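# Structural overview for review
Given next are the chains, with one letter for each unit.
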Amino acid sequence: MDRRGDTSNPEPNPSPNPIPVGRESRQDTCRCFDRVNSQPYARVDFHTEPQDTSAPGWLHLLALIDEAAADGREEFRPLGELSPQERREIVTLPSTIAKLTAVKHLMLYGSNLVRIPPEIGAMTSLEEFTPYTSYRLHWFPYEITRCARLTRSTVSTRTLFGNYKLRPPFPRLRSAESSVAGLDTSDLDPGRWGATAISSCSVCDRAIELGGLHPVWISLRVATDVLPLLVNACSAQCVAELPPPPEGYVQSAHTGGRVGQPSADWD
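Residues numbered from 1 in each chain as written. Predicted model: local features only at pLDDT ≥ 70, side-chain atom pairs only at ≥ 80, totals over all residues. Heavy atoms only, no water.

### Points about the pairing of strand β7 (residues 225-233)
- Across the nine residues of β7, nine count as buried, placing the element largely inside the fold.
- Judged by which residues are buried, β7 turns out to be covered on both faces: Asp225, Leu227, Leu229, Val231 and Ala233 on one side and Val226, Pro228, Leu230 and Asn232 on the other are all buried.
- Two strands pair when backbone bridges link them, and strand β4 (residues 140-141) and β7 are joined in this way by two bridges, in the parallel orientation. Counted as the bridge partner of Pro141 is Leu230 from β7.
- Relative to β7, strand β6 (residues 214-222) runs antiparallel, the two sharing nine bridges. Opposite Arg221, over in β7, you have Val226 as the bridge partner.
- Where β6 hands over to β7, the hairpin turn is made up of two residues, of which Ala223 adopts a positive phi near 60°. (Buried < 20%, exposed > 50% of the residue type's maximum accessible area, 1.4 Å probe, protein only. Helix = DSSP H or I, 4+ residues; strand = E, 2+ residues; numbered from the N terminus. Pairing = 2+ DSSP bridges.)

Right, here's the structure in full:
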């Protein structure tokens, strides 16, 4: 859902601000799209920050997920249980969110997230998703489309790759590989791959080591919003099976970089 008062606070280098001030006590600033208006083909990259899995905020979040999975709650608002500093320590969600099969509403308002793991697709009861004002979250995993009951979302759309208002570019993806032999798909550089691990095909769910790796972008409507989705497919056939994007967006799967996009709404 678009919000007219939505503003991002971009910076040239998507690295954390070391001095917490005001909102930045819980959320780092981001200037990934600073150059887009003056340089339409300016390069953008993935955020590179790894998750510190020894941080108190991460350990607290793991415990909150276990608690929510055990009591079968339908609404999960983990950030409200964390201190501002703990919230700032969380740049992704744990893969254990796959256990939250009873959750209907996932509230991540004002998070410091830069990526969401594909395991969100296992949240089969999810009906509402609220990562609004998560200004560093520019894309989502294709696996979110597995949440068949998801019908409502509130996303800061101006901070998304390829959004219709500004049309910022997409990060250029790695070339397709017919085999992942020699690639440790459990420990990836997020600055190069977006994700930190790829275990299965985003489309057919086959183990990725049984095929190749064909990463592509596609923009699709998910609940209320059109989202840029990162697809890690195991084959060209799986890429070909992706659904068509809605009108007003790049009309096929693509690998980012200098891909032609429709004019920005604010041109």
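### A look at the sheet that holds strand β1 (residues 75-76)
- What the four strands build is an open sheet, ordered β1-β2-β3-β5; its pairing is parallel. The open sheet terminates on both sides in strands that have one partner only, identified here as β1 and β5 (152-153).
- Where strand β2 (residues 105-107) meets strand β3 (residues 128-130), three bridges bridge the pair, whose relative direction is parallel. Of the residues in β3, the one forming a bridge with Met107 is Thr130.

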